[in-house]
Amino acid sequence: MSETLSDKEISLTFMKGLQVLAVFDATNREMTISDIAKKTKLNRTVVRRLLLTLEMMNYVECRNRLYRLTPRILRLAGGFLQSREIGKYATPILTNYSRIIRESISFAMLDGDEAVYVAHSPGDPAMITMGFTVGSRLPLHATAIGRTLLSFVEQNKQQELLKSISPRAYTPCTLTDKEDIIESLKESASLGYCLVQDEFEEGVTSLGVPVQHESGTLIGALGIVGPNPRFSDKEILENKKELLVECAASIAAIL
């Protein structure tokens, strides 16, 4: 939030309503009023009122005192995707390249201190290893697509993000020391891509490349993920990387 805005200029109630919606995720699909109050640190009475309002608008539903999101919530995400015409232009490109690379390809953008998938092509179902799709969120420090976003975002934003994230160890290999992460970001920026192995999930490698305007401004990142053996051959890895770079350039040209 801008430091120049005062409480009188913004709707605190609307802000609290968005906080309530934001607590629902893959782990917290159904929650009671008490659960939501704890997560948002809002008063139970306030949370109850907000949920009743959201229920009346069909954004949430309640069964046995458990609240969950309804499909109507996709209207909010749909507005973003349609306004950027990501589905119309980016998804067909992802689909084409996923068939060529024979890997599932995801397109992610920065959202706060996380990477969020805004487009995804599953490619060959036989090659899928991870259950991610549009709307999935990933940490910036432990994934190739996240670290790519960190590596190629403007310097001021990178420093801001590095201060805000608290690196969690997902595996024994996860980089959690910020100095180590910074060194990794420098290497990725120099190479033009990011390769992460065993850091988010053991036995899994991820490869990420930036999607940038000609000016160098970061739009997002593309990533592929799979079992380590699929990335062990240097020639195959280089081929995947080059095709992913081509795909990124094609998407950057139309966004």
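Here's a quick rundown of the structure.

Cut-offs used in this document
Residues numbered from 1 in each chain as written. Predicted model: local features only at pLDDT ≥ 70, side-chain atom pairs only at ≥ 80, totals over all residues. Heavy atoms only, no water. Pairing = 2+ DSSP bridges. Helix = DSSP H or I, 4+ residues; strand = E, 2+ residues; numbered from the N terminus. Axes fitted to C-alpha atoms, helices over the stretch in contact; angles between N-to-C directions. Parallel < 35°, antiparallel > 145°, perpendicular 65-115°, else oblique. Left-handed = near helix turned anticlockwise from the far one by under 90°. Contact = heavy atoms within 4.5 Å. Nonpolar A, V, L, I, M, F, W, Y, C, P; charged D, E, K, R; others polar. 1 Å grid on protein atoms, 1.4 Å probe; cavity = no way out; pocket = protein on both sides within 12 Å on 5 of 7 lines; lining within 4 Å. Points joined across faces, edges and corners; volume = space filled by probe spheres on them. Buried < 20%, exposed > 50% of the residue type's maximum accessible area, 1.4 Å probe, protein only.

### Comments concerning the sheet that holds strand β6 (residues 194-197)
Strand-to-strand pairing in sheets goes through backbone hydrogen bonds, with the strands running parallel or antiparallel. Read from one edge of the open sheet, 6 strands run β5-β4-β3-β8-β7-β6, paired in antiparallel fashion. Every interior strand has two partners, whereas the edge strands, β5 (137-139) and β6, have only one. Strand after strand, the sheet turns through a mean of 35° between neighbouring axes, direction not considered. Examined bridge by bridge, strand β4 (residues 114-121) and β5 share 3 bridges and lie antiparallel to one another. Paired with E114 across the two strands is P139, which belongs to β5.

### Here's the deal with the packing of helix α2 (residues 33-40) against helix α3 (residues 44-56)
The description of two helices packed together rests on the angle between their axes and the distance between the axes. At a minimum axis distance of 9 Å, the contact between α2 and α3 shows a crossing angle of 115°. Classed by the angle they form, the pair α2 and α3 counts as roughly perpendicular. Judged by the twist between their axes, the crossing of α2 over α3 is right-handed. Of the residues in α3, those in contact with I33, S34, I36, A37 and T40 of α2 are R44, V47, R48 and L51. Looking at the contact of α2 with α3, its residues break down into 5 nonpolar, 2 polar and 2 charged.

### Quick notes on the layout of surface pockets
The computed volume of the second largest pocket comes to approximately 290 Å³. Of the residues assigned to the lining of the second largest pocket, the class counts are 2 nonpolar, 1 polar and 4 charged.

### Topic: the pairing of strand β7 (residues 204-212)
A regular strand places its side chains on the two faces of the sheet in alternate fashion. Burial within β7 is extensive, with 8 of its 9 residues counted as buried. As consecutive antiparallel partners, β6 and β7 are separated by 6 residues, and within that stretch D198 has a phi angle of approximately 65°, a positive value. Where β7 meets strand β8 (residues 218-227), 9 bridges bridge the pair, whose relative direction is antiparallel. Within β8, the residue paired with G208 across the bridge is G223. Linking β7 to β8, which pair antiparallel, is a turn of 5 residues; within it G216 sits at a positive phi near 100°.

### Looking at the side chain of S206
When you line up the elements, S206 lands in strand β7. Using a relative accessible area of 10% as the deciding quantity, one classes S206 as buried. Here S206 is in contact with T143, A144, C194, L195, V196, I224 and V225, once residues within four sequence places are set aside.

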